[in-house]
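So you can see what is in the structure, the chains are spelled out below.
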Amino acid sequence: MVAFVKLIAGAFALADKVVPSSWLSLTKPEALIAAARATPSAASREGLEQLMASIGVESDLCLFGKVSLHWDTIRLLKNAQMIEDAHRANPALGAAPVSGPLFILGLPRSGTTFMHSLMAEDADSLVPRNWQTMFPAPRPAGFDPAKDKSARAVDQQLQLFAGLAPGFREMHPITADSPQECSEITSHVFQSLRFDSTHRVPSYFNWLEAQGHDDAFRFHKLFLQFLQNGTPGRWVLKCPDHTFTLDSILKIYPDARFVIVHRDPIAVLGSVAHLTEVLRRPFLNNIDAGEIGAQVAARWTQGANLLLAFDQRADVPPERKFHLHYEDLVAAPLAAIARIYAHFDMKLGSDSLAAMSRHCEARPRGGYGKHAPYLLENFKLSRPALQAAFAPYVQQYCQAPR
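Calculation notes
Residues numbered from 1 in each chain as written. Predicted model: local features only at pLDDT ≥ 70, side-chain atom pairs only at ≥ 80, totals over all residues. Heavy atoms only, no water. Helix = DSSP H or I, 4+ residues; strand = E, 2+ residues; numbered from the N terminus. Buried < 20%, exposed > 50% of the residue type's maximum accessible area, 1.4 Å probe, protein only. Areas by Shrake-Rupley, 256 points an atom, 1.4 Å probe, with all protein chains shown as cover. pLDDT = per-residue confidence, 0-100. Contact = heavy atoms within 4.5 Å. Expected span 1.5 Å × (residues − 1). Polar contact = N/O pair within 3.5 Å; in protein donor to acceptor, adjacent residues only side chain to side chain. Core = buried A, V, L, I, M, F, W, Y, C linked by side-chain atoms within 4.5 Å. Salt bridge = Lys/Arg side-chain N within 4 Å of Asp/Glu carboxyl O. Axes fitted to C-alpha atoms, helices over the stretch in contact; angles between N-to-C directions. Parallel < 35°, antiparallel > 145°, perpendicular 65-115°, else oblique. Left-handed = near helix turned anticlockwise from the far one by under 90°. Nonpolar A, V, L, I, M, F, W, Y, C, P; charged D, E, K, R; others polar.

Moving on, we get to the overall build of the protein chain. Counting its regular elements, the protein chain contains 21 helices and 5 strands. Across the 402 residues that make up the protein chain, the buried fraction comes to 55%. For the protein chain, the computed accessible surface area is about 17300 Å², with 54% contributed by carbon and sulfur atoms.

Here the protein chain shows a mean pLDDT of 87. Residues at 70 or above account for 85%. Taken element by element, the predicted model of the protein chain shows its lowest mean pLDDT in helix α1 (residues 2-18) (39) and its highest in helix α14 (residues 246-252) (98). Between residues 1-27, whose pLDDT stays under 50, and residues either more than four places distant or in other chains, the model counts 42 contacts.

The terminal C-alpha atoms of helix α15 (residues 265-280) lie 22 Å apart, and with 16 residues this matches the ideal 22 Å at 1.5 Å per residue to within 8%. Across the 16 residues of α15, 15 count as buried, placing the element largely inside the fold. One side-chain oxygen at the N-terminal end of α15 lies 3.1 Å from the backbone nitrogen of Ile266; it belongs to Asp264.

Let's shift gears to the nonpolar core. Judged by nonpolar contacts, the single largest core of 76 residues is most densely connected at Tyr253, Phe258, Trp300, Phe310, Leu386, Phe390 and Tyr393. With residues near it in sequence (within four places) discarded, Leu386 still touches Ile266, Leu269, Ala297, Leu376 and Leu381. In this structure, Phe114, Tyr341, Met346 and Cys360 belong to the second largest nonpolar core, which totals 22 residues.

With respect to the secondary-structure elements, Ser125 resides in strand β2 (residues 125-126). Overall, Ser125 belongs to the buried group, its relative accessible area being 7%. A distance of 3.3 Å separates a polar side-chain atom of Ser125 from the backbone oxygen of Met119.

Within the secondary structure, His87 sits in helix α4 (residues 63-89). Apart from residues lying up to four places away in sequence, His87 is in contact with Leu93, Gly94, Leu222, Gln225 and Phe226.

A few words now on the pattern of salt bridges. For the structure on display, the rule yields 16 salt bridges. Residue Arg75 is joined to Asp72 by a salt bridge in which the shortest nitrogen-to-oxygen separation is 2.6 Å. Here the residue Arg75 and the residue Asp72 both occupy positions in helix α4, the gap between them amounting to 3 residues, near one helical turn. We note that Arg75, like Asp72, is buried. Between Lys251 and Asp214 there is a salt bridge, with its nearest N and O atoms 2.8 Å apart. In this pair, Lys251 sits in helix α14 while Asp214 sits in helix α13 (residues 214-228), placing the two residues 37 residues apart along the sequence. Residues joined in a network through salt bridges with shared partners are Asp72, Arg75, Glu184 and Arg194.

What follows deals with α13. The end-to-end C-alpha separation of α13 is 21 Å, in line with the 21 Å expected for 15 residues at 1.5 Å each. Among the residues making up α13, those that are buried are Ala216, Phe217, Phe219, His220, Phe223, Leu224, Gln225, Phe226, Leu227 and Gln228. Asn229, located one to two residues past α13, shows a positive phi value of around 60°.

Moving on: the packing of α15 against helix α16 (residues 289-310). In contact at an axis separation of 9 Å, α15 and α16 are set at 125° when each is read in the N-to-C sense. As summarised for this structure, α15 and α16 are arranged oblique, according to the angle between their axes. For the pair α15 and α16, the sense of crossing is right-handed. The residues of α16 that touch α15, namely those facing Leu269, Val272, Ala273, Thr276, Glu277 and Arg280, are Ala289, Ile292, Gln295, Val296, Ala297 and Trp300. Across the contact of α15 with α16, the residue classes tally to 8 nonpolar, 2 polar and 2 charged.

Here is the structure:
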């Protein structure tokens with residue numbers, strides 16, 4: 001309870017620093033929709049209206065869920081407005097290219113976060129950091145998160161959230177300066193699959209599937225250009241949800257490159273369902289484990305089929321795709337990284353390789369704690385049914401010699 005009170009107080013204190021105090025009186029989804037209508041972004045307005053309508057009917061929010069929804073919504077609106085204003089004031093931001101970004105794809109819990117963290121150790125790589133998606137700003141050379149006000153605030157939030165969501169730290173060990181997923185960027189226009197992780201929003205999810213992700217990735221590019229601050233670099237981006245947004249990614253970034261990490265889906269689905277349960281627990285009064293299991297199984301059966309189809313796309317030639325198995329990544333991470341760099345003809349300097357090596361030594365198992373297996377039965381999942389559903393994907397990527 002003490003952690004709960006501190007987190008609420010911290011959320012309001014942080015919100016008070018970045019939004020007008022008059023906005024803090026907004027407490028209902030209807031009021032947040034009204035606030036969104038003041039923004040010039042039509043994409044933000046429609047996305048927020050759909051999200052709030054879904055939450056209002058389909059999510060039973062607890063007290064913290066209501067407080068955090070209020071603060072998070074206002075933060076996202078203000079951040080998006082600030083980035084759009086910055087582009088209008090400085091057209092050079094939008095003129096700077098985002099060339100050949102490297103997107104890391106794969107099923108959840110397949111080592112993509114570990115890979116992203118390793119590649120972030122390369123000084124030539126740009127990655128969006130946790131604190132940058134909360135308080136957008138370029139990351140200067142020699143950045144020290146311990147001395148940065150925004151990074152310290154985000155670290156405090158992460159510590160408090162870990163107290164509210166037991167198991168989160170072990171399943172997803174991150175700090176303010178860790179690389180962050182792109183779903184946090186696209187959430188700024190309320191067209192992000194991130195909301196489905198923390199809330200029960202099936203109608204919003206269905207709307208987003210029909211809407212597509214073009215608007216989200218147009219904003220995504222504005223966000224990266226803002227972080228670049230006029231100096232282009234080599235972006236390395238990661239999010240399991242990229243599997244469902246590939247058409248939009250290729251529309252906005254036609255020269256994008258892709259690393260696809262593969263792992264046996266049966267080995268991860270229990271963990272994916274459990275993480276979803278952990279993420280929803282602080283926000284919702286009622287959680288149905290069986291419903292989560294069914295949702296996760298259906299979603300990632302679709303995702304596995306999309307990865308199979310992506311491999312056959314003629315508009316993304318083999319030289320722009322690199323396949324890697326999870327077991328190879330964790331057995332010899334530096335060798336795996338070297339293979340990726342060689343495939344894309346990227347230079348891997350000795351300093352970067354040494355930094356990656358230190359990262360591996362400092363974070364055995366990628367920083368993940370040991371735990372008992374997450375049982376499929378806890379989420380009413382049938383192993384034989386899953387094996388049948390994922391058979392084409394497993395036969396293609398998880399059984400062939402590597």
